[in-house]
Amino acid sequence: MLENREEELTTVRVQDPRVQNEGSWNSYVDYKIFLHTNSKAFTAKTSCVRRRYREFVWLRRQLQKNAGLVPVPELPGKSTFFVGSTDEFIEKRRQGLQQFLEKVVQNVVLLSDSRLHLFLQSQLSVPEIEACVQGQGPQTVTEAILHYAMSNCGWVQEEESRAALLPGGDLQGSCAGLGSPQGPSCLERFPYWSDFGMDEPHSDSPEEPAEPLGAGLEEQ
């Protein structure tokens, strides 16, 4: 008798780009990352976080560093000479970021990196992710993800109004809130992004602003 095994599927969406600090010289764009899966590789079945381009750049560097000879998908480029409106640039980038994550979550080697899971399933900053991975905080990677997943389930109602993402998927399985208090901080903030490969020449501190939206979208 054949064993009835459920196919493991993972859906990831990058959507809802928002300008943060709009009208200010330190404005930037971040994106909502919604993930729904029945894969045992993930701690939470459903998660939702917001990330900016700079964090994607850091993630890819870390994945490549730890993946050895396994190629890591490319991110959308940082062309300074983009021809078109700001909205077109943001949409083009959103599509590129989604394609990047879709390829990453299908790669078994990349899925073994704890940084990827904290990036997708917690709202920890880059320094906090590094701290958790290095065991320098009070929580393990799994504990950090579960704490965030249980922090606020209200946003799931928004997702439940849409078509099911996976066959037999249950959005109530676990969740992570947007606009809710952030997940646990593994330690006090580190002083500089450059300590973690974020070596852009401007505003390396995680608490300091990046370039203005109109002048430096490619870096954000």
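Just so we're clear, the structure is a prediction, and the values are computed from it rather than from any experiment.

S.K.: Lay out helix α2 (residues 86-104) with the relevant residues and their values.
M.R.: Residues separated by three or four positions in an α-helix point in the same direction, a consequence of the helix having 3.6 residues per turn. Here α2 contains 19 residues, and its C-alpha end-to-end distance of 27 Å stays within 8% of the 27 Å for a straight helix at 1.5 Å per residue. What α2 keeps buried is the set Phe 89, Ile 90, Arg 93, Arg 94, Gly 96, Leu 97, Gln 98, Phe 100, Leu 101 and Val 104. As for α2, its buried residues are in contact with β1 (10-20), β2 (28-37), α1 (53-67), α3 (108-111) and α4 (114-121).

S.K.: Talk me through the pairing of β2; I want residue IDs and the actual numbers.
M.R.: Buried residues dominate β2, accounting for 9 of its 10 residues. Where β1 and β2 come together, 9 bridges link them in antiparallel fashion. Counterpart to Val 12 in the pairing with β2 is Leu 35. Two strands pair when backbone bridges link them, and β2 and strand β3 (residues 46-52) are joined in this way by 7 bridges, in the antiparallel orientation. Residue pairing in the sheet places Tyr 31 in a bridge with Arg 51 of β3.

S.K.: Go over the nonpolar core, please, and point to the residues and values.
M.R.: Counting residues in each nonpolar core, the largest one holds 39 residues, and the members touching the most others are Ile 33, Phe 56, Leu 63, Phe 100, Leu 101, Leu 118 and Leu 120. Broken down by secondary-structure element, the contributors of at least two residues to this core are β1, β2, α1, α2, α3, α4, α5 (126-133) and α6 (141-149). Considering every element that reaches this core, the biggest residue donor is α1, with 7 residues. Excluding residues within four positions of it along the chain, Leu 63 makes contact with Val 72, Phe 100, Val 104, Leu 110, Asp 113 and Leu 116.

S.K.: I'd like to hear about the pattern of salt bridges, residue by residue, with values.
M.R.: Throughout the structure, instances matching the rule amount to 8 salt bridges. Ionic pairing is found between Asp 16 and Arg 18, a salt bridge with its closest N-O pair at 2.8 Å. Note on Arg 18: relative accessible area 42%, which makes it partly exposed. Note that Arg 115 is salt-bridged to Asp 113, the shortest N-O span being 3.8 Å. With respect to class, Arg 115 is no different from Asp 113; both count as buried. A cluster of three or more residues bridged by salt bridges with shared partners is formed by Asp 16, Arg 18, Asp 30 and Arg 50.

S.K.: Describe the sheet that holds β1, listing the residues and the values that go with them.
M.R.: If you trace the 3 strands from one edge of the open sheet to the other, you get β1-β2-β3, paired in antiparallel fashion. Two strands in the sheet have a free side with no partner beyond their single neighbour: β1 and β3. Ignoring which end each strand starts from, the neighbouring axes of this sheet average 20° apart. Across the sheet, α1 touches β2 and β3, and the angle it forms with β3 is around 105°.

S.K.: How would you explain the packing of aromatic side chains if you had to name every residue and give the values?
M.R.: The description of an aromatic ring pair uses the distance of the two centres, along with the angle that the planes make with each other. For the structure shown, the criterion picks out 2 aromatic pairs. With a centroid separation of 5.1 Å and an interplanar angle of 80°, the aromatic rings of Phe 56 and Phe 119 are classed as edge-to-face. With a gap of 63 residues between them, Phe 56 in helix α1 and Phe 119 in helix α4 connect regions that are remote in the sequence. For the pair Phe 56 and Phe 119, a shared accessibility class is recorded, and that class is buried. Between Arg 51 and the ring centre of Phe 119, over which it is positioned, the NZ or CZ distance is 5.0 Å.

The rules we used
Residues numbered from 1 in each chain as written. Predicted model: local features only at pLDDT ≥ 70, side-chain atom pairs only at ≥ 80, totals over all residues. Heavy atoms only, no water. Helix = DSSP H or I, 4+ residues; strand = E, 2+ residues; numbered from the N terminus. Expected span 1.5 Å × (residues − 1). Buried < 20%, exposed > 50% of the residue type's maximum accessible area, 1.4 Å probe, protein only. Contact = heavy atoms within 4.5 Å. Pairing = 2+ DSSP bridges. Core = buried A, V, L, I, M, F, W, Y, C linked by side-chain atoms within 4.5 Å. Salt bridge = Lys/Arg side-chain N within 4 Å of Asp/Glu carboxyl O. Axes fitted to C-alpha atoms, helices over the stretch in contact; angles between N-to-C directions. Phe/Tyr/Trp six-rings, centres within 6.5 Å; stacked < 30°, edge-to-face > 60°. Lys NZ or Arg CZ within 6 Å of the ring centre and 35° of its normal.

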